[in-house]
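If you want the building blocks of each chain, they are given just below.
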Amino acid sequence: MRPTPPPRTYRVKSFGCQMNVYDGERMAELLAAEGITPAPEGEEADLVVLNTCHIREKAAEKVYSDIGRITKDWRREDGTSPLIAVAGCVAQAEGEEIMARAPAVSMVVGPQAYHRLPAMIAEAVEGRRTVDTDMPAETKFDALPARRKVGPSAFLTVQEGCDKFCTYCVVPYTRGAEKSRTFNDLIAEAEKLVEAGAREITLLGQNVNAWRDADGRGLERLIERLALVPGLARIRYTTSHPNDMTEGLIEAHRDVPQLMPFLHLPVQAGNDRVLKAMNRSHTAASYLAVLDKVRAARPDIALSGDFIVGFPGETDAEFEDTLKLVEAVGYAQCFSFKYSARPGTPAATMDGQVPVEVMDERLQRLQAALNASQLAFNAASVGKRCTVLVERKGKYPGQWLGKSPWLQSVHFTGDAGIGDLVEVELVEAGANSLAGRIIIN
Ligand code: SAH
Ligand code: SF4
Ligand code: F3S
């Protein structure tokens, strides 16, 4: 690679989960601290960071088409192209392979090493390509600049990595072992986020409810302490594993008013043989028992989940068990996916890979059931009064968009501003959003 001038503008494109969104924000702040500014909308940037996701094949392949587009569209008159950094989980999984496959890439940096990006940029400017997929013992968080400006709803990564090794999943390999950030660091970052404009914080982790500090305190202790941060009105957390839903965390849903009545608890499938082959270490019944306890603690809780259809060996009858579970739970929202065989995972070489047409058909049936469930949940909310945290302006003059406590999108018209918590009555429900009317006291 030839030397290039130091980049003046950047763009970070994040794919995948909310943890990648959080990492993308932190990388942007890191670049800004180096004096590199965000490229204006629609203009090319001198440095593009592709913050990638490896969870399913489609997501992982996207990075190569993106690199192709950047180098093709943005070839400049002097023959130079933007510097490209590949970050995120594809970087971690395919480090050297990306370098070999995509000569236009000058930096490959894993999710635990991105605090080293400025040094890598300096190398790239000199014409040297670098790969850093270390999982260093020192934490990147200590090396990152403080949070400055955020929206009303902010993310805070509290825990990274996964030790569960579900047989279909790449996360334990791309994000490494479970590791919790310290209590004090998290309180300090939360206070900074509130100063920077946050009224709601969503605690993030690949297994967020596995968060533990050195003294053995669990996530509920962190939530209780965060509830004391002045100005922080709402707390959420995601994604949880059924086996880490402790009594203490369930009780926090009863006892901490700032903890919003919403729980994303992936189950993946409703059949116990399939769950065992997935190495989920819970059964359909034990999952439902957890939900019963959560509902007892917080009767109005909105439930959400993740599903995979067409796991190797899944029969029609076994898939029916997933539909039965959906029926039994009454989810408020959900994510559902076709199984994607990921290199290096045990499931990729299991017998009985399910044909794509069968997966398509199952996904359609599952999504129809989930959409009906979501609409029913929203319809049952009509007539309720609640607060809406305003996140942005709507399409129409005077219209605002925000979230209810149950994470529903709500639109309403009236006197408000971004970051306000507005009292509304929910008056009309669709599958994806509700209309609210401001309550004037
Ligand atoms: N740690 C979280 C989820 C991480 S990945 C948890 O266990 O709940 C987010 C979702 O992607 C998973 O819940 C699962 O539904 C889906 N997923 C993961 N690997 C997949 C694969 N190989 N094919 C299809 N979907 C997958
Ligand atoms: Fe993947 Fe399972 Fe870990 Fe979730 S719990 S990240 S699905 S291995
Ligand atoms: Fe994707 Fe990595 Fe998140 S694989 S879902 S970006 S942890």
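Refer to the structure presented above.
Conventions used here
Residues numbered from 1 in each chain as written. Chains lettered and ligands numbered in written order. Predicted model: local features only at pLDDT ≥ 70, side-chain atom pairs only at ≥ 80, totals over all residues. Heavy atoms only, no water. Helix = DSSP H or I, 4+ residues; strand = E, 2+ residues; numbered from the N terminus. Expected span 1.5 Å × (residues − 1). Buried < 20%, exposed > 50% of the residue type's maximum accessible area, 1.4 Å probe, protein only. Arc of directions from axis to C-beta. Contact = heavy atoms within 4.5 Å. Axes fitted to C-alpha atoms, helices over the stretch in contact; angles between N-to-C directions. Parallel < 35°, antiparallel > 145°, perpendicular 65-115°, else oblique. Left-handed = near helix turned anticlockwise from the far one by under 90°. Nonpolar A, V, L, I, M, F, W, Y, C, P; charged D, E, K, R; others polar. Core = buried A, V, L, I, M, F, W, Y, C linked by side-chain atoms within 4.5 Å. Domains from an automatic or database assignment.

**Here's the deal with helix α7 (residues 183-195)**
Here comes step 1: The end-to-end C-alpha separation of α7 is 19 Å, in line with the 18 Å expected for 13 residues at 1.5 Å each.
Here comes step 2: By the burial criterion, the buried members of α7 are Phe 183, Leu 186, Ile 187, Glu 189, Ala 190, Leu 193 and Val 194. Projected down its long axis, α7 carries its buried residues within an arc of 165°, all on one side. Relative to its buried face, α7 has exposed residues pointing more than 90 degrees away, namely Asn 184 and Glu 195.
Here comes step 3: Packed against the buried residues of α7 are α1 (18-33), β7 (153-157), β10 (200-204) and α8 (219-226).
Here comes step 4: Phi turns positive, to about 120°, at Gly 197, one or two residues after α7.

**Side note on the packing of α1 against helix α4 (residues 117-125)**
Here comes step 1: Two numbers describe how α1 lies on α4: the axes approach to 10 Å, and their chain directions differ by 60°. The angle between α1 and α4 places the two elements in the oblique class. For the pair α1 and α4, the crossing hand works out as right-handed. Between α1, through Met 27, Leu 30 and Leu 31, and α4, the contact on the second element is made entirely by Leu 117, Pro 118 and Ile 121.
Here comes step 2: Looking at side-chain class alone, the contact of α1 with α4 contains six nonpolar, no polar and no charged residues.

**Some words on the nonpolar core**
Here comes step 1: Ranked by internal contacts, the top residues of the largest apolar core, which has 80 residues, are Leu 203, Leu 219, Leu 222, Tyr 237 and Tyr 331.
Here comes step 2: Two domains each donate at least three residues to this core, and these are domain 1 (9-132) and domain 2 (146-260).
Here comes step 3: Look past the residues within four positions of Tyr 331 in its chain and what remains in contact with it is Val 267, Tyr 287, Leu 303, Ser 304, Gly 305, Phe 307, Leu 325, Val 326, Leu 370, Ser 373, Gln 374 and Phe 377.
Here comes step 4: If you look at the next biggest cluster of nonpolar residues, it comprises 18 residues, including Ile 67, Ile 70, Ala 91 and Met 99.

**Here we look at the packing of α7 against α8**
Here comes step 1: Interaxial distance between α7 and α8 falls to 11 Å at its minimum, and their mutual angle equals 35°. Of the two possible hands of crossing, α7 and α8 adopt the one that is right-handed. Residues Phe 183, Leu 186, Ile 187, Ala 190 and Glu 191 of α7 touch α8, and the partners they reach there are Arg 221, Leu 222, Arg 225 and Leu 226.
Here comes step 2: When the residues that make up the contact of α7 with α8 are grouped by side-chain class, the tally is six nonpolar, no polar and three charged.

**As for the side chain of Ser 404**
Here comes step 1: Mapped onto the secondary structure, Ser 404 falls in the loop between β16 (399-403) and β17 (409-413).
Here comes step 2: Under the relative-accessibility criterion, Ser 404 is labelled buried at 0%.
Here comes step 3: Sequence-distant contacts of Ser 404, defined by excluding residues within four places in its chain, comprise Arg 234, Arg 236, Cys 386, Thr 387 and Val 410.

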